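What the coordinates show
The residues making up each chain are set out below.
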Amino acid sequence: MNFADSEILVSILKDQYDTTQDYAQADLILVNTCSIRDHAEQRVFNRLKEFAALKKKRPGMKLGLVGCMAERLKEQLLDSDLDIDLVVGPDAYRSLPRLLSQVEAGQKGIDTLLSEDETYEDILPVRLGTNRISAFISIMRGCQNYCSYCVVPYTRGRERSRDAGTIVDEARSLVDQGYKEVTLLGQNVNSYKDGDVNFAELMRRVASVSPSLRIRFSTSHPKDLSDELIAVMAAYPNICRSIHLPVQSGSSVMLKKMNRKYDREWYLDRIRAIRKAMPDCGISTDIIAGFCGETEEDHKQTLSLMEEVGYDFAFMFKYSERPGTFASRHYPDDIPEEVKLRRLNEIINLQQHLSHESNKRDVGKRFEILVEGESKKNKAQYFGRNSQNKVVVFDNPVLPDGSFRYQVGDYAVAEVTGCTPATLLGRTL
Ligand code: SAH
Ligand code: SF4
């Protein structure tokens, strides 16, 4: 999400600034930030210290903090000794040129107003991705699900959806530029709504732009994963067979306390519905270890749910209390650090085993892959991704004229010949 927002920021500033890969040369550094866990914020503070030191050597340089930390900490950031010039929240990026002229005039610039309707839908993002074949399209902003642990509703404001026509136009323009894959982004894409157009209908429209454009989306909330969406996914071969469905916990007691609005049974029913319509669908998740009051039994239920689903991949976190959230006001953060860490490690170890098992099941199968680039380890090898979002590494055949058979952006068919826990190894056919 922040990557996509940075593309909007660059677009808003493109008449005034070029981008550079070397921050020591920069006249303006904007740090786009995440507040989701304390660890994310601590990393930003460390980075800001580096930039503040650089600023001492380059007095003309301006330093801005944008995104969720700007929204959460507001003036406090200007009062700190980090020498920040600008603080701009996620809905205020259009104010940047005005705020920058204030900074030029020797003042500080701050705008952290949240909006009920800002979607930046008219701003054409400047693509910052390096492969030129995959792009993000932001389809909605904000979140009002108020999961009790989560800071997002406070830093990103009310949920709002972007006009469907502008999304389809953006996908079409990406196809014209040679892009092969788009990922539709939102905190909860399933609750997308523009008049009569719900998320399933939006997917139909984007998938119809071109059969050679792959469509992905992130993230969907289990409570809103509709049968209609599953049916649309199954009906369009260019909608990728991959769903990221964050479960957070396998215990219905914890899920209630987290205010997730589904229980273990509901979640498992959604998994069954996905598997019935698309037996080959990749399924991944997010898990939080050590939420307030989590017992050993709750934790075991998370492990058993992971086994029952057999996730292909997971993002796994220790619970981090976020100031201002319902949990921080009502539930003590009472799981000792070493217990959180031990539970997290058990979750990570189990997932590593499940990922490996999932990869082993793919050995011998054939997949269409979209070639993304050279393998980092071996220049004669390239890698691509299959529809299930797994990376497949393969030897790129050399043609008589010395060039490689497959270029970035090509589709290839690969047979899986082996695997590691993280990667499939394949042979192109
Ligand atoms: N909107 C998405 C999630 C966005 S945040 C959804 O609801 O699925 C990404 C992930 O960060 C969450 O799924 C959750 O697992 C994790 N997360 C959020 N708040 C957290 C917290 N306070 N501590 C630890 N992990 C957290
Ligand atoms: Fe946070 Fe829940 Fe909204 Fe996801 S759905 S962003 S976890 S409040």
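Residues numbered from 1 in each chain as written. Chains lettered and ligands numbered in written order. Predicted model: local features only at pLDDT ≥ 70, side-chain atom pairs only at ≥ 80, totals over all residues. Heavy atoms only, no water.

1. Points about the side chain of R127
For R127, the location among the structural elements is in the loop between β4 (109-111) and β5 (134-138). A distance of 3.3 Å separates polar atoms of two side chains, one belonging to R127 and the other to E7. One polar contact links R127 to E170, side chain to side chain, over a distance of 2.6 Å. If we skip the residues at most four places from it in the chain, R127 touches E7, R132, A135, F136, E170, L174 and Y179. (Helix = DSSP H or I, 4+ residues; strand = E, 2+ residues; numbered from the N terminus. Polar contact = N/O pair within 3.5 Å; in protein donor to acceptor, adjacent residues only side chain to side chain. Contact = heavy atoms within 4.5 Å.)

2. Focus on the pattern of salt bridges
Summed over all chains, the structure comprises 38 salt bridges. The salt bridge partner of R72 is E41, with a shortest N-O separation of 2.7 Å. Highlighted residues: R72 in helix α3 (residues 68-73) and E41 in helix α2 (residues 38-57), separated in sequence by 31 residues. Judged by relative accessible area, E41 falls into the buried class, the value being 2%. Across the pair R322 and E41 runs a salt bridge, and its minimum N-O distance is 3.2 Å. A residue pair is termed long-range when its members are at least 10 positions apart, and R322 in the loop between β14 (313-318) and α13 (326-330) and E41 in helix α2 qualify at 281 residues. (Salt bridge = Lys/Arg side-chain N within 4 Å of Asp/Glu carboxyl O. Buried < 20%, exposed > 50% of the residue type's maximum accessible area, 1.4 Å probe, protein only.)

3. Some details on the sheet that holds strand β13 (residues 282-289)
One open sheet accounts for three strands, arranged β12-β13-β14; its pairing is parallel. Edge strands, defined here as strands with exactly one partner in the open sheet, are β12 (242-244) and β14. For this sheet the average axis-to-axis angle between neighbouring strands, irrespective of direction, equals 10°. Across three bridges, the pairing between β12 and β13 is parallel. Opposite H244, over in β13, you have S284 as the bridge partner. Lying on the sheet, helix α14 (residues 337-362) is in contact with β13 and β14; it crosses β14 at an angle near 175°. (Pairing = 2+ DSSP bridges. Axes fitted to C-alpha atoms, helices over the stretch in contact; angles between N-to-C directions.)

4. A look at the site of ligand 1
Lining the immediate environment of ligand 1, one finds 15 residues, of which Q187, P246, Q248, D286 and S320 sit closest. With respect to ligand 1, the backbone of Y149 contributes an N or O atom lying 3.1 Å from a nitrogen atom. Between a nitrogen atom of ligand 1 and a main-chain N or O atom of Q187, the distance comes to 2.7 Å. Surface burial for ligand 1 is 90%, taken as the share of its 550 Å² of free accessible area covered by protein chains. Mapped onto the shell around ligand 1, the elements with two or more residues apiece are β13 and β14. Taken together, the residues of the shell around ligand 1 break down into six nonpolar, four polar and five charged. Counting the residues that make up the shell around ligand 1, at least three belong to each of domain 2 (129-240) and domain 3 (251-361). (Near = heavy atom within 4 Å. Areas by Shrake-Rupley, 256 points an atom, 1.4 Å probe, with all protein chains shown as cover. Nonpolar A, V, L, I, M, F, W, Y, C, P; charged D, E, K, R; others polar. Domains from an automatic or database assignment.)

5. Focus on the packing of aromatic side chains
The tally for this structure, following the rule as stated, stands at 13 aromatic pairs. With a centroid separation of 6.1 Å and an interplanar angle of 80°, the aromatic rings of Y149 and F291 are classed as edge-to-face. Residue Y149 is found in the loop between β6 (140-141) and α6 (152-156), and its partner F291 is found in the loop between β13 and α12 (296-309); the two are separated by 142 residues along the sequence. Residues Y149 and F291 agree in their burial class; the two are buried. The ring of F317 is capped by R37, whose NZ or CZ atom sits 3.6 Å from the centre of that ring. Against the face of W266 rests R270, its NZ or CZ located 5.5 Å from the ring centre. (Phe/Tyr/Trp six-rings, centres within 6.5 Å; stacked < 30°, edge-to-face > 60°. Lys NZ or Arg CZ within 6 Å of the ring centre and 35° of its normal.)

6. Some remarks on the site of ligand 2
In the vicinity of ligand 2, the contacting residues are C143, N145, Y146, C147, Y149, C150, V152, P153, Q187, H221 and R260. Considered class by class, the residues forming the shell around ligand 2 number seven nonpolar, three polar and one charged.

7. Some thoughts on the packing of helix α9 (residues 227-235) against helix α11 (residues 264-277)
The N-to-C vectors of α9 and α11 enclose an angle of 25°; their axes lie 10 Å apart at closest approach. When the axis of α9 is compared with that of α11, the two are roughly parallel. Seen along the crossing, α9 lies across α11 with a hand that is right-handed. Listed contacts from α11 to D227, I230 and A234 of α9 are R270, A273, I274 and A277. Looking at side-chain class alone, the contact of α9 with α11 contains five nonpolar, no polar and two charged residues. (Parallel < 35°, antiparallel > 145°, perpendicular 65-115°, else oblique. Left-handed = near helix turned anticlockwise from the far one by under 90°.)

8. Things to note about α12
Across its 14 residues, α12 extends 20 Å between first and last C-alpha, which sits within 8% of the 20 Å expected from 1.5 Å per residue. Among the residues of α12, D298, H299, T302, L303, L305, M306 and V309 are the ones counted as buried. The buried residues of α12 occupy an angular sector of 160° when the element is viewed end-on, so they sit on one face. The positive-phi residue at the C-terminal boundary of α12 is G310, with phi of around 70°. (Expected span 1.5 Å × (residues − 1). Arc of directions from axis to C-beta.)

9. A closer look at the nonpolar core
If you look at the biggest cluster of nonpolar residues, it comprises 68 residues, and the most contacted ones within it are I139, L184, F199 and L202. Sort the elements by how many residues they give to this core and helix α8 (residues 199-207) lands first, with six residues. Taken domain by domain, this core gets at least three of its residues from each of domain 2 (129-240) and domain 3 (251-361). Excluding residues that lie within four positions of it along the chain, F199 makes contacts with I139, L184, V189, N190, Y192, F217 and L229. (Core = buried A, V, L, I, M, F, W, Y, C linked by side-chain atoms within 4.5 Å.)

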